[in-house]
Amino acid sequence: MRKLMLVLALFGLMFATTGADATSDVRQGILEMRYAQMECRANFMYASMDSAEEDGGADLSGDRAAMEGVMTQLRSHVDAGDSYGYNHYMSQLRNTFSVAVRNTKGAQTGALNAAGSCGDGGQGGQGSGQGSGNQSENCAQARQQLRDQMRAKYDEANAAYVGCKHTAVVGRIHAEVDEVESWSDGAEETADSMESRGYNVSGLRGRIAEAEADADELDGAADSGETTDELLSERSGKWGHIFYLWAQFHKERINLLLDRFEEKTEGYGTQAAGIRALLDEAASVGDDEIYTLEEAQESKALVNQAMEEFSALVGAARGEA
């Protein structure tokens, strides 16, 4: 009976406390802020297209329609709260942006070349040299005037983009900090539940506290007046460490459960060792305590595999109890 009660308790802890996923509202907020960043870039491109069409008579309506189409599709994924669809669609968006940038730059270059074109230099004969010189000078002036006009429009559009992007990045950081807070709330519930069953959860609480400290520092930086590039760099470092802490938290959590499982059961040592090896690997991906996105994804997959194998192990013991 004691074995049955143990495996039932472990089974409940595995699934009632794996969570540390953010609420749907928090995830939706992050999606909104990610879209806001892309919208800033799209608006900059629309302004660049307008300039190219006004200054050189180019027709970029096809590129504009393609961009508007992918932005509309991206927005639909945001409205549906579909993070997977959003991420999957981003590759198409990047391709569309690349084509639009290339064609817009080509149109601007063509307009400058046309403005600076002096034809064949006139009729020739006496006095033609002076006329040709004046014409060349006029063409050079027209080219420079158009270049200055383009630069002024670019500076205006770029200033709007820089401000828009900074606002979007600040908003995204705040939304992501909310995600850490949601994770830490769930993790604290996990620690409380395990502590009530006699587990020593000081290590778990230490990982939670470290993640919260990183989030607090990042939240403060977002409102500190740092440049966008500084914020993005700090965000990358803090999130890389939070990803690492997430893996450490789950390694310690599942190992605590495995310890008790092995204390109360027999014949599962090999399987338990395999699970511990997966957790060790998940908590040591890369060569430092700051995970890249790819390393975080690898770590998460390893933790999920360990959880699945432990669930199967608990299920097997439950069937024998």
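These remarks concern the structure in this document. (Residues numbered from 1 in each chain as written. Predicted model: local features only at pLDDT ≥ 70, side-chain atom pairs only at ≥ 80, totals over all residues. Heavy atoms only, no water.)

## Quick notes on the packing of aromatic side chains
Tallied over the full model, the rule gives seven aromatic pairs. When the ring of F44 is compared with that of Y161, the centres are 5.5 Å apart and the planes differ by 40 degrees; the resulting orientation is tilted. Of the two residues, F44 is situated in helix α2 (residues 24-56) and Y161 in helix α5 (residues 128-195); the sequence distance between them amounts to 117 residues. On the basis of relative accessible area, F44 is assigned to the buried category, the value being 16%. Between W239 and F243 the ring centres are 5.4 Å apart and the planes differ by 45 degrees, which places this aromatic pair in the tilted class. Placement of the pair is W239 and F243 together in helix α7 (residues 228-264), with a separation of four residues, close to one helical turn. Taken together, the ring pairs connect F44, Y154 and Y161 into an aromatic cluster. (Phe/Tyr/Trp six-rings, centres within 6.5 Å; stacked < 30°, edge-to-face > 60°. Helix = DSSP H or I, 4+ residues; strand = E, 2+ residues; numbered from the N terminus. Buried < 20%, exposed > 50% of the residue type's maximum accessible area, 1.4 Å probe, protein only.)

## Here's the deal with the side chain of D214
Tracing the backbone shows D214 in helix α6 (residues 202-222). The contacts of D214, once residues within four sequence positions are left out, are K238, H241, I242 and L245. (Contact = heavy atoms within 4.5 Å.)

## Focus: the state of the cysteines
Evaluation of the coordinates by the stated rule reveals one disulfide. Between the sulfur atoms of C40 and its disulfide mate C164 the distance is 1.9 Å. Residues C40 and C164 are joined through a disulfide that is left-handed, its torsion about the S-S bond being -80 degrees. One end of the pair, C40, is in helix α2; the other, C164, is in helix α5, and 124 residues separate them in sequence. Judged by relative accessible area, which is 29%, C164 ranks as partly exposed. (Disulfide = S-S within 2.5 Å.)

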